[in-house]
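Residues per chain, in single letters:
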Amino acid sequence: MDIIKKAVKEGRKTLSEYESRQVIESAGVFVVAAALTKTKEEAIQEAEKMGYPVALKGCSSEISHKTEAGMVALNINNAQEVAQVFDELSAKAKNLDGVLVEKMVRGAREFVIGLIRDPNFGPCVMFGLGGIFTEALQDVTFRVAPLTREDALEMIDEIKTKKLLGEFRGSPAVDRESLTKALVGIGDLGIKYDCIAEIDINPLIICGDKPVAVDALVVLK
Amino acid sequence: MLDCFFNPKSVAIIGASSNQNKGGYHILKNLLAGFHGQIYPVNKSYREILGLPCYPDIASIPGNFDLAIYFIPSKELPHTVNECAKKGAKGIIIESGGFDEAGEEGKRLQKRALENAAKAGIRLWGPNCMGYVDGNRTYVFSFIHSAVWPDIFRGGNVGLIVQSGMLSAGFLLHALQEGVMGVSKACSIGNKCDIDENDILEYMINDSETDVIGCYLESLVDGRKFINLAKKTKKPIIVLMGGRSAEGAKAAQSHTASLSGNYKVTSGAFRQAGIIEVFDPAELTDTARAFSKKMICHTGKGTAILTFSGGAGTITTDLMADNGLELAKLSDKTLDTIGELFPPWNKPDHPLDLWIAIERHGFEKVFRQSLNAVIKDPAVDSIIFHSYATPLVGREFAEELAALIKKYEKPAVLWVEGRKDFAEHLRSLVENAGLPAYREMNRCVTVLRGIKQHFTKKPID
């Protein structure tokens with residue numbers, strides 16, 4: 001993939017969110033609608049096109065944890081707010097690739113998909129409970145890549161919070177096929193690209209019945 | 001490939017001794033007791049040990065030998081490897097310590113020995129290990145005290161791979177003493193400078209004498225290879241992994257990496273490969289022993305509980321729920337058949353508390369009729385059987401039960417309760433008949449979970 005090749009060539013350690021999104025999308029993971037914008041006007045135009053509310057994120061391969069860096073603004077409801085936030089984000093960091101305008105996705109169920117390179121097992125895929133409880137509950141499970149469909153299904157059934165993946169408080173059961181495809185796809189990325197050290201998709205929000213990546217980070221070796 | 005270790009025609013013992021307080025004495029004594037090939041003790045201090053001529057050095061041994069067992073200080077190893085090469089040896093089991101585990105000098109010695117061995121085409125086993133035991137050939141290629149094992153030694157179909165030195169001996173004794181687990185090969189692999197768990201695992205997978213493989217490991221030399229080997233075999237592999245707390249993930253930038261340090265990767269990889277993970281030595285031997293009986297399970301249904309106590313049935317049901325095992329939904333026909341043994345004012349329910357029927361008809365009749373009914377029920381794929389230890393249950397009955405289990409391909413695990421001497425008697429009687437039996441309920445349930453996990457992942461063709 002050109003994005004990865006280019007980043008490796010430039011000696012970068014991470015891909016920006018915008019680049020990371022493209023990489024995981026190529027692997028079969030649904031990603032939330034978004035556009036990388038360079039100007040205020042462009043940002044407003046994209047926001048109006050996808051409909052409010054939107055999120056704005058300062059996009060740079062140099063910032064891997066955007067929330068901690070104050071680079072994420074959620075629930076933006078009109079053009080005026082877009083303009084204001086755009087300026088704020090641009091002022092905070094010098095080397096932004098642009099500002100990512102993202103459709104806000106609603107869904108109470110958040111999961112995580114990841115890829116690591118284990119010293120012993122090589123590339124391994126992680127799946128588990130995402131969002132703010134990820135580290136507190138550590139309800140995650142791993143499989144060694146490449147994954148078969150059965151491996152992915154086993155992972156889905158293995159986490160303690162698997163009930164959240166069924167019909168839950170009026171929300172439909174998760175489309176297991178999409179989730180399986182995402183897990184298998186991320187494992188295949190690890191096999192195909194030796195230069196990928198880690199991938200983090202958190203949160204993966206269940207939107208209706210579809211798992212949709214709302215944030216993504218690809219770390220290079 | 002490992003035949004020089006497992007099927008040698010001649011063995012040199014470097015560091016044989018006539019001093020009974022030394023391991024070098026017991027290695028020789030153990031070989032004399034069970035190995036019928038040529039034995040060459042080597043030690044410059046003796047002319048003869050235990051009736052065998054003792055050679056001052058390797059060069060003095062007349063003719064060649066296949067295998068050397070090394071039990072002298074570590075500094076002699078690099079040189080000894082070269083000497084063994086001149087005698088055509090293909091393998092050396094290094095049971096002494098003082099290598100990688102003992103600082104810079106030890107590391108250097110291990111490295112030089114490895115280099116010399118690679119040049120000569122010699123494989124090194126250990127160092128810092130207890131060698132191995134072959135239960136079927138009565139080979140004890142180990143410094144384990146020669147008085148400890150002869151009366152409990154037993155051949156069989158369980159292969160053990162144990163990383164820790166002394167624990168392998170403890171393991172083996174425990175496994176053998178618990179009764180009725182025969183060992184094909186128990187291998188202590190120590191520092192695994194060359195021969196590692198993957199070599200032995202591959203050998204055991206292809207070994208016709210080994211049906212079940214149990215491992216205690218503290219590290220995996222190549223985890224990916226280990227699980228790829230496991231994936232390809234239908235022999236049950238049970239692993240107790242030491243050091244479950246973390247490594248790696250230090251320079252983690254992402255959530256994923258920081259979450260992976262806590263053994264979860266290994267655990268997931270094991271499940272993926274159909275490896276049964278256990279958490280203490282007793283669980284390892286319990287499970288290996290049950291698998292050694294070659295019971296078959298067609299999973300996907302529930303477990304039936306036959307008991308003489310309502311309380312025991314309830315506790316077992318709870319333990320099953322904890323372990324993700326389902327209680328079978330018995331058919332009306334099954335319950336009616338068992339109901340014939342009950343008084344008219346009482347009907348059986350599941351878990352099957354049979355006491356009221358036992359009072360009327362005695363153990364044998366009730367157990368036989370109930371088991372026959374339950375085992376034919378299509379909703380049942382396995383059975384937990386609570387047996388009250390009484391001298392009234394005899395060998396023929398145990399064998400009859402075992403035959404039923406075999407015929408219907410539904411495994412049964414027995415819990416034996418009662419007076420200690422009766423219970424031990426019944427337990428060994430039942431084990432000898434071919435059914436696993438335990439004195440604690442949770443051990444029954446854990447073992448059954450392992451069996452079902454295995455046959456779900458690796459069904460019988």
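Residues numbered from 1 in each chain as written. Chains lettered and ligands numbered in written order. Predicted model: local features only at pLDDT ≥ 70, side-chain atom pairs only at ≥ 80, totals over all residues. Heavy atoms only, no water.

A. Quick peek at the overall build of chain A. Helices and strands together make up the secondary structure of chain A, namely seven helices and ten strands. By the compact-globule yardstick of 17 Å for 221 residues, chain A fits well, its C-alpha radius of gyration being 17 Å. If you line up chain A on its principal axes, its C-alpha atoms span 50 × 45 × 30 Å. Within chain A, contacts between residues separated by at least 24 positions form 63% of all contacts whose residues are at least 6 apart in sequence. Of the roughly 9,900 Å² that chain A leaves accessible, carbon and sulfur atoms contribute 53%. Averaging the positions of the 28 positive and the 34 negative side-chain charges in chain A gives two centres separated by 1 Å. (Helix = DSSP H or I, 4+ residues; strand = E, 2+ residues; numbered from the N terminus. Rg over C-alpha atoms; globule rule 2.2 N^0.38 Å. Contact = heavy atoms within 4.5 Å. Areas by Shrake-Rupley, 256 points an atom, 1.4 Å probe, with all protein chains shown as cover. Lys, Arg positive; Asp, Glu negative; His and termini not counted. Charge placed at Lys NZ, Arg CZ, Asp CG, Glu CD.)

B. Expanded view of the pairing of strand 10 (residues 155–162) of chain B. Residue and element names in this part refer to chain B. Most of strand 10 sits inside the fold, with six of its eight residues counted as buried. Note: strand 10 against strand 11 (residues 183–188), six bridges, orientation parallel. In the sheet register, valine 162 faces strand 11, and the bridge partner there is serine 188. Judged from the five bridges that link them, strand 10 and strand 12 (residues 212–217) form a sheet pairing that is parallel. Paired with isoleucine 161 across the bridge in strand 12 is cysteine 215. (Buried < 20%, exposed > 50% of the residue type's maximum accessible area, 1.4 Å probe, protein only. Pairing = 2+ DSSP bridges.)

C. Spatial organisation of the packing of aromatic side chains. Residue and element names in this part refer to chain B. Per the counting criterion, the structure on display carries 19 aromatic pairs over all chains. Where phenylalanine 5 meets tryptophan 125, the ring centres are 5.3 Å apart and the plane angle is 55 degrees; that geometry is what we call tilted. Linking phenylalanine 5 in helix 1 (residues 3–6) with tryptophan 125 in strand 7 (residues 123–125), this pair joins segments that are 120 residues apart in sequence. Here the guanidinium or amino end of lysine 185 rests over the ring plane of phenylalanine 6, the centre of that ring lying 5.3 Å away. The ring of phenylalanine 422 carries arginine 419 above its face, with NZ or CZ at 4.2 Å from the centroid. (Phe/Tyr/Trp six-rings, centres within 6.5 Å; stacked < 30°, edge-to-face > 60°. Lys NZ or Arg CZ within 6 Å of the ring centre and 35° of its normal.)

D. Spatial organisation of the sheet that holds strand 17 (residues 380–388) of chain B. Residue and element names in this part refer to chain B. Read from one edge of the open sheet, five strands run 16-15-17-18-19, paired in parallel fashion. Each edge of the open sheet is held by one strand with a lone partner, namely strand 16 (352–353) and strand 19 (437–438). Sheet topology places strand 15 (residues 302–307) next to strand 16; two bridges connect them, and they run parallel. Of the residues in strand 16, the one forming a bridge with leucine 306 is leucine 352. Packing against the sheet, helix 17 (residues 441–457) makes contact with strand 15, strand 17, strand 18 (412–417) and strand 19, and its axis sits at approximately 175 degrees to strand 18. (Axes fitted to C-alpha atoms, helices over the stretch in contact; angles between N-to-C directions.)

E. Up close: the domain arrangement of chain A. Residues and elements named next belong to chain A. One can read the domain layout of chain A as domain 1 (2–30 + 107–220) and domain 2 (34–103). Taking the mean C-alpha position of each, domain 1 and domain 2 sit 24 Å from one another. Counting residues at the interface gives eleven residues for domain 1 and eleven residues for domain 2. Carbon and sulfur atoms make up 54% of the area that domain 1 and domain 2 hide from each other, which totals about 890 Å². Of all residues in domain 1, the largest losses of buried area upon contact with domain 2 belong to Glu17, Tyr18 and Arg21, amounting jointly to 49% of the total for that side. Put simply, domain 1 and domain 2 have two salt bridges between them. At the boundary of domain 1 with domain 2, the tally comes to two residue pairs in polar contact (both at pLDDT 80 or more). (Domains from an automatic or database assignment. Buried area = accessible area lost by both parts, 1.4 Å probe. Salt bridge = Lys/Arg side-chain N within 4 Å of Asp/Glu carboxyl O. Polar contact = N/O pair within 3.5 Å; in protein donor to acceptor, adjacent residues only side chain to side chain.)

F. Quick look at the domain arrangement of chain B. Residues and elements named next belong to chain B. Looking at chain B, the domain boundaries give domain 1 (1–128), domain 2 (129–292) and domain 3 (295–457). Taken together, the contact between domain 2 and domain 3 spans 18 residues of the former and 17 residues of the latter. Counting across the interface, domain 2 meets domain 3 through three salt bridges. Put simply, arginine 289 and glutamate 431 hold a salt bridge, and the shortest N to O gap is 2.7 Å. For the pair domain 2 and domain 3, the number of links is six residue pairs in polar contact (both at pLDDT 80 or more). In terms of residue class, the side of domain 2 that touches domain 3 is built from six nonpolar, three polar and nine charged. (Nonpolar A, V, L, I, M, F, W, Y, C, P; charged D, E, K, R; others polar.)

G. Local environment of the pattern of salt bridges. With the rule as written, the count across this model stands at 45 salt bridges over all chains. Between lysine 40 of chain A and aspartate 87 of chain A there is a salt bridge, with the nearest N and O atoms lying 3.2 Å from each other. Of the two residues, lysine 40 of chain A sits in helix 3 (residues 40–50) while aspartate 87 of chain A sits in helix 4 (residues 79–92), which places them 47 residues apart along the sequence. Its salt-bridge partner being glutamate 158 of chain A, residue arginine 271 of chain B comes within 2.5 Å of it at the nearest N-O pair. With arginine 271 of chain B in helix 9 (residues 264–272) and glutamate 158 of chain A in helix 6 (residues 149–158), this residue pair bridges two chains. With a relative accessible area of 26%, glutamate 158 of chain A lands in the partly exposed category. It is possible to trace a salt-bridge network through shared partners that takes in Asp286, Arg289, Lys293, Glu424, Arg427, Glu431, Arg439, Glu440 and Arg443 of chain B.

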